[in-house]
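Residue-level structural notes
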Amino acid sequence: MNNINYRKQSKSTEHYTPVEYIESVKFVFNGQIDLDPASCYNANKYFVQAKTYLDESNDGLGYTWFGNVWLNPPYARGVTGLWVNKLINEYENGNITQAISVFNAVTERNWFLPLFNYLLCFTDHRISFYNDHLEVAGSPEY
């Protein structure tokens, strides 16, 4: 396991994706998210509802991913590239059927560059995420 303490790197890594985006992901996945490898109990219960989710105590980077993967990685400096690399490796190795992820569009970052080899979609606005109190908290910075 990576033993990364995400909490020390940012105020909070809990940023739950609004339901309308999750519903779009489920539509693309024919109704089911199989794995959310960077989640928590509240995010899965109230928003994602994946068949399987991994939380901070499980460290999703240390597991083999499978099926239809939804990824909203921790918003902490220095760790996004780990999640991008894991996502690409799991896809390229045939472990996952398809994946959708959400990242800040900081296209100049080294971790973002490999994503240009895949289908990318951008919103025309910043997404307002929910915090760990299930309140709209705005867009995280990292």
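Reference entry: report on the structure contained in this document. Throughout this document, residue positions are counted from 1 along each chain, in the order its sequence is written. Reporting of local features is limited, given that this is a predicted model, to residues whose pLDDT is at least 70; pairs of side-chain atoms are given and counted only at 80 or more, and all residues count toward the totals for whole chains, interfaces and linings. Heavy atoms from the whole structure form the basis of all side-chain values; hydrogens and water molecules are not counted.

Here the focus is the overall build of the protein. The secondary structure content of the protein amounts to four helices and six strands. Here a strand is any run of E in DSSP of at least two residues, a helix any run of H or I of at least four, and the numbering for each starts at the N terminus. In the protein, the succession of α and β elements from N to C terminus is α-α-β-α-β-β-α-β-β-β. Here a residue-residue contact requires only that any non-hydrogen atoms of the pair lie within 4.5 Å. Restricting the contact set of the protein to residue pairs at least 6 apart, pairs at least 24 apart contribute 63%. Here the protein displays about 8000 Å² of accessible surface, and carbon together with sulfur accounts for 49% of that area. A 1.4 Å probe and the Shrake-Rupley method give the accessible areas. Residues count as covered only by the protein chains that appear here.

Here the focus is the pattern of salt bridges. Should a side-chain nitrogen of Lys or Arg be within 4 Å of a carboxyl oxygen of Asp or Glu, the pair is scored as a salt bridge. Scanning all chains against the criterion turns up three salt bridges. Of the charged contacts, one joins Lys26 and Glu23 as a salt bridge, the two residues approaching to 4.0 Å between their closest N and O atoms. Taken together, the residues Lys26 and Glu23, both in helix α2 (residues 19-28) and three residues apart, mark about one turn of the helix. The residue Asp34 makes a salt bridge to Lys51 at a minimum N-O spacing of 3.8 Å. Highlighted residues: Asp34 in the loop between α2 and β1 (35-36) and Lys51 in the loop between α3 (41-48) and β2 (52-53), separated in sequence by 17 residues. Three labels apply to residues, based on accessible area from a 1.4 Å probe with only protein chains included: buried if under 20% of the type maximum, exposed if over 50%, partly exposed otherwise in between. Since its relative accessible area comes to 14%, Asp34 is described here as buried.

A word on the nonpolar core. In this text, buried Ala, Val, Leu, Ile, Met, Phe, Trp, Tyr and Cys residues form a nonpolar core when linked through side-chain atoms within 4.5 Å. Ranked by size, the top nonpolar core spans 17 residues in total, and within it Trp65, Leu71, Trp83, Val84, Phe103, Trp111 and Leu115 carry the most contacts. Every element with two or more residues in this core is listed here: β3 (67-71) and α4 (80-92). Aside from chain neighbours lying at most four places away, what touches Trp65 is Leu35, Pro37, Gly60, Leu71, Trp83, Lys86, Leu87, Glu90, Asn95 and Ile96. Counting 15 residues, the second largest nonpolar core, distinct from the first, contains Ile22, Ile33, Ala43 and Phe47.

Our next topic: the pairing of strand β4 (residues 96-101). Pairing between strands requires that DSSP locate at least two bridges from one strand to the other. Pairing of β3 with β4, which is carried by five bridges, proceeds in the parallel orientation. Note that in β4 the partner of Asn68 across the bridge is Gln98. On the question of chirality, the crossover connecting β3 to the parallel β4 by way of α4 is right-handed. Crossovers are marked right-handed if the path from the first strand over the helix to the second runs clockwise, as seen with the strands pointing away from the viewer.

Nothing here speaks to function; it is geometry throughout.
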